[in-house]
Amino acid sequence: MRVLVAGATGAVGRQLVPRLEAAGHEVVGISRRGPRPVDVLDAVAVRRAVAEAAPDAVVHQLTDLGSADGAANNRVRIEGTRNLVDAARAAGVGRIVAQSISWAYGPGDAPADESVPLDATEVLPRARIVAGVRALESTVAELPEAVVLRYGILYGPGTWYAPGGAVAAALAGDPDARFLGSTAADGSVSSFVHVADAAEAAVRALAWPPGAYNVVDDEPAPGHDWLPVLAEVLGAPAPERSAGRAPWARGAVNARARALGWAPARPSWRTGFADQGESDYGV
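None of these values were measured; they are calculated from a predicted model. (Residues numbered from 1 in each chain as written. Predicted model: local features only at pLDDT ≥ 70, side-chain atom pairs only at ≥ 80, totals over all residues. Heavy atoms only, no water.)

*Asks:* Break down the nonpolar core for me, citing the residues and quoting the values.
*Replies:* Core analysis: the largest hydrophobic core is formed by 29 residues, its most contacted members being Val5, Leu16, Leu20, Leu149, Tyr151 and Trp208. For this core, the secondary-structure elements that each account for two or more residues are strand 1 (2–6), helix 1 (11–22), strand 3 (57–60), strand 5 (145–151), helix 6 (195–205) and strand 9 (211–215). Here the element with the most residues in this core is helix 6; it accounts for 7 residues. What Tyr151 contacts, discounting residues up to four positions off in sequence, is Val12, Gln61, Gln99, Ser100, Ile101, Ser102, Trp103, Val193, Ala198, Ala202, Val215 and Val216. The next biggest cluster of nonpolar side chains, apart from the first, holds 27 residues, and it includes Ile30, Val85, Ala88 and Val148. (Core = buried A, V, L, I, M, F, W, Y, C linked by side-chain atoms within 4.5 Å. Buried < 20%, exposed > 50% of the residue type's maximum accessible area, 1.4 Å probe, protein only. Helix = DSSP H or I, 4+ residues; strand = E, 2+ residues; numbered from the N terminus. Contact = heavy atoms within 4.5 Å.)

Shown next, in the form of structure tokens:
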């Protein structure tokens, strides 16, 4: 299969491209940087790039997280996804695999499966985040073979949670550390996934039925459990345990993706945080 990877130089994209090639696919990668620079917010450029690539499928791994600017990332989710889907449709491409997130579900006490609706909150800034996710997923679903991967919090090479990254700086007390997340050791529950496991899911998803899938590890956990483990790995002081829990911070379950053969090589952050280095593909 000829696959166009949008966001080929990102944290997941760098893991994804060699896996696709190892699986026998022909890959064309585009991103803002690299050999094929394309601005996803430029509809004409995106349409040209997709038409020239003439892919059988598109994998959407586009984000704008380098500066921890939520508004910029939301613009990619909304406008960038629209441009990519329109370009795919114009090129006759029906299959798309797109990156979404697993923490946009509505409030609840138990980890969410894919049947749980997205959060209907009007409270900002969360309402803007969920609106961007909803726009991304509904736009992608306009194509007949659309698969949405709702990733957990990504860790591993190139992420905020890697050694030397923004989270390590924040835990060390750097007031200039910028990332979209929390270092509150409270009862808010998160689900994680290593970037290599996220990439492996994207490869497999090229053959999955249309729909949404949680791509998370096996152990949703509250901040007061996972933060001390991460802090120790990063060589940073652990934050003091605190009370409270965001009602939407419930984590997610991966049973649907597992039923189709995907399983995380790092099934828990407990050991995964200490194993954030190079994958089998050297990235």
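*Asks:* Residues and numbers for the pattern of salt bridges, please.
*Replies:* Applying the stated criterion across every chain yields a total of 15 salt bridges. Here Asp86 ties to Arg82 by a salt bridge, and the two come within 2.9 Å at their closest N and O atoms. A residue pair is termed a helical-turn pair when its members lie 3 or 4 positions apart in one helix, as Asp86 and Arg82 do in helix 3 (residues 70–90) at 4 residues. For Asp86, a relative accessible area of 23% translates into the label partly exposed. (Salt bridge = Lys/Arg side-chain N within 4 Å of Asp/Glu carboxyl O.)

*Asks:* If you had to explain the packing of aromatic side chains to someone new, which residues and values would you point to?
*Replies:* One pass over the structure, following the stated rule, counts 11 aromatic pairs. Ring centres 5.2 Å apart and planes at 90 degrees place the aromatic pair Phe192 and Phe273 in the edge-to-face group. With Phe192 in strand 8 (residues 192–194) and Phe273 in the segment after helix 9 (269–272), this residue pair connects regions lying 81 residues apart in the sequence. In terms of burial, Phe192 and Phe273 fall into one category: buried. Through pairs of rings, three or more aromatic residues link up here, namely Tyr155, Trp160, Tyr161, Phe179, Phe192, Trp226, Trp269 and Phe273. A cation over an aromatic ring shows up here: Arg126 above the ring of Trp248, its NZ or CZ 3.9 Å from the ring centre. Residue placement shows Arg256 over the ring face of Tyr213; its charged tip is 4.3 Å from the ring centre. (Phe/Tyr/Trp six-rings, centres within 6.5 Å; stacked < 30°, edge-to-face > 60°. Lys NZ or Arg CZ within 6 Å of the ring centre and 35° of its normal.)

*Asks:* Got a sec to walk through the sheet that holds strand 3? Specific residues and values, please.
*Replies:* A sheet is described by the order of its strands in space; here 6 strands give the open sequence 2-1-3-4-5-9, paired in parallel fashion. With one partner strand each, in any of the chains shown, strand 2 (26–30) and strand 9 form the two edges of the open sheet. The mean inter-strand angle of the sheet, taken between neighbouring strand axes irrespective of direction, is 20 degrees. Bridging between strand 1 and strand 2 involves 5 bridges; their strand directions are parallel. In the strand pairing of strand 2, Arg2 is matched with Glu26. Strands in contact with helix 2 (residues 43–53) are strand 1 and strand 2; relative to strand 1, the strand with the most contacts, it is inclined by about 155 degrees. Sheet strands in contact with helix 4 (residues 126–140) are strand 3, strand 4 (95–101) and strand 5, and its direction is about 170 degrees off that of strand 4. (Pairing = 2+ DSSP bridges. Axes fitted to C-alpha atoms, helices over the stretch in contact; angles between N-to-C directions.)

Coordinates in, geometry out; function isn't part of it.
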